[in-house]
Amino acid sequence: RPPVSRDHVIRNDLNERFEQFRSLPFTLVSAPAGYGKSIAVSHWLNSVNVPYGWLSLDEEHNDLKVFLNYILTLLEEVFPGRWYGLNTLLKATTMPSSKALLHELINSLDEIEDEFVVVLDDYHLISSYEVHEFVDYMLQYPPENMHLVIITRKDPPLKIKHLRAYNRMGEVRSSDLIFKEDDIRKLLFLLKV
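Residues numbered from 1 in each chain as written. Predicted model: local features only at pLDDT ≥ 70, side-chain atom pairs only at ≥ 80, totals over all residues. Heavy atoms only, no water.

Chemist: Could you clarify how one ought to interpret the environment of Leu163 in this entry?
Modeler: Within the secondary structure, Leu163 sits in helix H7 (residues 160–165). Separated by 138 residues in the primary sequence, Leu163 and Pro25 have C-alpha atoms spaced 9.4 Å apart. Aside from chain neighbours lying at most four places away, what touches Leu163 is Phe26, Leu139, Arg168 and Met169. (Helix = DSSP H or I, 4+ residues; strand = E, 2+ residues; numbered from the N terminus. Contact = heavy atoms within 4.5 Å.)

Rendered as structure tokens:
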């Protein structure tokens, strides 16, 4: 995840917003380039004591098997030694169905008693229907202690309206990320202008 510099403007309002959403399965952080989405999430993670995994996505993650192998690696770093079943399925000569993979992943995630956060950064680079379908399905049956954060420049083709209607997601938009007057004062003080 991107490091937060010492002269970063502390945005307590954003941290509080992320904290409010932590009890929900999903937070969508969607705004154009340059709004500080990744830094805002990184700063929030600095301020809370919760295990997390961060995956910065690129075009290679449009292959579901590659995507899941990276997710497996991320989870292995956060909670080592719990992913034998998923690892076995991903190493099979014939790729199992995405539903079989998802059921194995969700069952394994449900066994984790600690609250944790998974961040998928640069999700706008994902164009694979299979990956979107996998993430969408996981959000329909989310693991109890996992909070998924998707950082993107545009809304992904997920069932956002459904999640919003059932109060299963939080949203941080460009209007939330834009500097307020107080933030500008803090920035000028840090820059000693």
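Chemist: What is the right way to look at the sheet that holds strand S5 (residues 169–173) in this model?
Modeler: What holds strands together in a sheet is hydrogen bonding between their backbones, with the strands either parallel or antiparallel. Strand order in this open sheet of five strands is S2-S3-S4-S1-S5, and the pairing throughout is parallel. This sheet does not close on itself; its edge strands, each paired only once, are strand S2 (52–56) and S5. Sheet twist, expressed as the average angle between the axes of neighbouring strands with direction ignored, equals 15 degrees. As judged from the five bridges shared by strand S1 (residues 26–30) and strand S4 (residues 146–152), these two strands associate in the parallel manner. In the sheet register, Phe26 faces S4, and the bridge partner there is Leu148. Each of S2 and strand S3 (116–121) is contacted by helix H3 (residues 64–78), which is oriented at about 150 degrees to S2, the strand it contacts most. (Pairing = 2+ DSSP bridges. Axes fitted to C-alpha atoms, helices over the stretch in contact; angles between N-to-C directions.)

Chemist: What exactly am I supposed to notice about the packing of H3 against helix H4 (residues 84–91) here?
Modeler: A pair of packed helices is characterised by two quantities: the angle between their axes and the separation of those axes. For the pair H3 and H4, the least separation of the axes is 11 Å and the interaxial angle reads 155 degrees. For the element pair H3 / H4, the angle class is roughly antiparallel. Between H3 and H4 lies a crossing whose hand is left-handed. Facing H3, whose interface residues are Lys65, Leu68, Asn69 and Leu72, H4 presents Leu86, Asn87 and Leu90. (Parallel < 35°, antiparallel > 145°, perpendicular 65-115°, else oblique. Left-handed = near helix turned anticlockwise from the far one by under 90°.)

Chemist: How do you make sense of the pattern of salt bridges when you look at a structure like this?
Modeler: Here the idea is simple: oppositely charged side chains can pair when their charged atoms come close. This model, assessed by the stated rule, comprises six salt bridges. With a shortest N-O distance of 3.2 Å, Glu19 and Arg22 are connected by a salt bridge. If you follow the salt bridges from partner to partner, you end up with Asp155, Arg164, Glu171 and Arg173 in one network. (Salt bridge = Lys/Arg side-chain N within 4 Å of Asp/Glu carboxyl O.)

Chemist: Whenever I open this one, the side chain of Asn15 confuses me. Can you help?
Modeler: Locating Asn15 in the fold gives a position in helix H1 (residues 12–21). Only 3.1 Å separates the side chain of Asn15 from the side chain of His43, close enough to count as a polar contact. Those residues in contact with Asn15, other than ones at most four positions away along the chain, are Ala40, His43, Trp44 and Ser47. (Polar contact = N/O pair within 3.5 Å; in protein donor to acceptor, adjacent residues only side chain to side chain.)

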